[in-house]
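Overview (structure and organization)
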Amino acid sequence: MEEVINEVVDPEDLKKFEKKYNKELVAGQITTNTQFEYAWALTRSKYGNDIKKGVGLLEELFQQGDEQTQRDYLYYLSIANFRLKDYEKALKYCRAILHVEPRNHQALEMEKLIKDKMAKEGLLGMAIIGGAAAVAIGGIAALGFAVSKK
């Protein structure tokens, strides 16, 4: 799985897919296959703006796809968002696959990778810690208010 995450597209391949995409764009007829190839190449770029552009193209494809291709696009969107370090979004896409296919091997492996990365970077428990801190601060403020009333 980490091979897929860490794979960087060859710049020549990216140029080839971009050229094909732009040719079809000018002709006014972009095929799903061409858009997907270009999007997948972009998401494997080493540049964040390329990855973001690839995400946009994949999101368009998702909107137009059937159930099978939508699951595929969700998987690639999960990978792309992982590469952008948007782990919450990557996890959201992964869980959308698992909602429909709870035993999807790729999605389960991807979910584990995302959770491990979030734990390593201290992001997994931030929501819990943030919520607990808000309750504690609220309690202290309420106590302070009650004491000042006396």
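It should be emphasised that the depicted structure is a prediction, and the values quoted were computed from it without experimental measurement.

**A short note on the overall build of the protein**
- On a plain count of helices and strands, the protein comes out with eight helices and zero strands.
- Going residue by residue from the N terminus, the α and β elements of the protein occur as α-α-α-α-α-α-α-α.
- Long-range contacts, defined here as pairs at least 24 residues apart, represent 51% of the contacts in the protein between residues at least 6 apart.
- For the protein, the accessible surface area stands at approximately 9,700 Å², while carbon and sulfur atoms represent 57% of it.

**Digging into the UniProt feature "repeat: TPR" (unreviewed entry) in the protein**
- Taking the UniProt record as the reference, the feature "repeat: TPR" (unreviewed entry) is found at residues 71–104.
- Its end C-alpha atoms 10 Å apart, residues 71–104 is made of 79% helix and 0% strand.

**A few points about the packing of aromatic side chains**
- In this structure the tally under the stated criterion is six aromatic pairs.
- With a centroid separation of 6.2 Å and an interplanar angle of 40°, the aromatic rings of Phe 36 and Tyr 73 are classed as tilted. With Phe 36 in helix H3 (residues 32–43) and Tyr 73 in helix H5 (residues 67–83), the pair connects residues that are 37 residues apart, well separated along the chain. Of the two residues, Phe 36 and Tyr 73, neither departs from the other in class, the shared state being buried.
- Taken together, a centroid distance of 5.2 Å and an interplanar angle of 65° make the contact between Phe 82 and Tyr 87 edge-to-face.

**Here's the deal with the environment of Lys 52**
- Along the polypeptide, Lys 52 turns up in helix H4 (residues 48–64).
- Sequence spacing of Lys 52 and Asn 81 is 29 residues, and the spatial spacing of their C-alpha atoms is 8.4 Å.

**Here we look at the confidence of the model for the protein**
- Taken as a whole, the protein shows an average pLDDT of 86; of its residues, 82% reach a score of 70 or greater.
- Ignoring residues within four places in sequence, the model shows residues 130–136, a span with pLDDT below 50, making zero contacts including any to other chains.
- In the model, residues 138–150 has pLDDT below 50 throughout and makes zero contacts with residues more than four positions away in sequence or in other chains.

**Details of helix H7 (residues 105–120)**
- With 16 residues, H7 should reach 22 Å at 1.5 Å per residue; the first-to-last C-alpha distance of 22 Å fits that figure.
- Here H7 has its buried residues at Ala 107, Met 110, Glu 111, Leu 113, Ile 114 and Met 118. End-on, the buried residues of H7 take up no more than an arc of 165°, which puts them together on one face. Opposite the buried face of H7, by more than 90 degrees, sit the exposed residues His 105, Lys 112 and Lys 120.
- Contacts from the buried residues of H7 go to helix H1 (2–6), H5 and helix H6 (87–100).
- Put simply, Asn 104 is the residue that caps the front of H7, since its side-chain oxygen is 3.1 Å from the backbone nitrogen of Gln 106.
- Phi turns positive, to about 75°, at Gly 122, one or two residues after H7.

About the thresholds
Residues numbered from 1 in each chain as written. Predicted model: local features only at pLDDT ≥ 70, side-chain atom pairs only at ≥ 80, totals over all residues. Heavy atoms only, no water. Helix = DSSP H or I, 4+ residues; strand = E, 2+ residues; numbered from the N terminus. Contact = heavy atoms within 4.5 Å. Areas by Shrake-Rupley, 256 points an atom, 1.4 Å probe, with all protein chains shown as cover. UniProt positions renumbered as here; feature names shortened; annotations may be inferred. Phe/Tyr/Trp six-rings, centres within 6.5 Å; stacked < 30°, edge-to-face > 60°. Buried < 20%, exposed > 50% of the residue type's maximum accessible area, 1.4 Å probe, protein only. pLDDT = per-residue confidence, 0-100. Expected span 1.5 Å × (residues − 1). Arc of directions from axis to C-beta. Polar contact = N/O pair within 3.5 Å; in protein donor to acceptor, adjacent residues only side chain to side chain.

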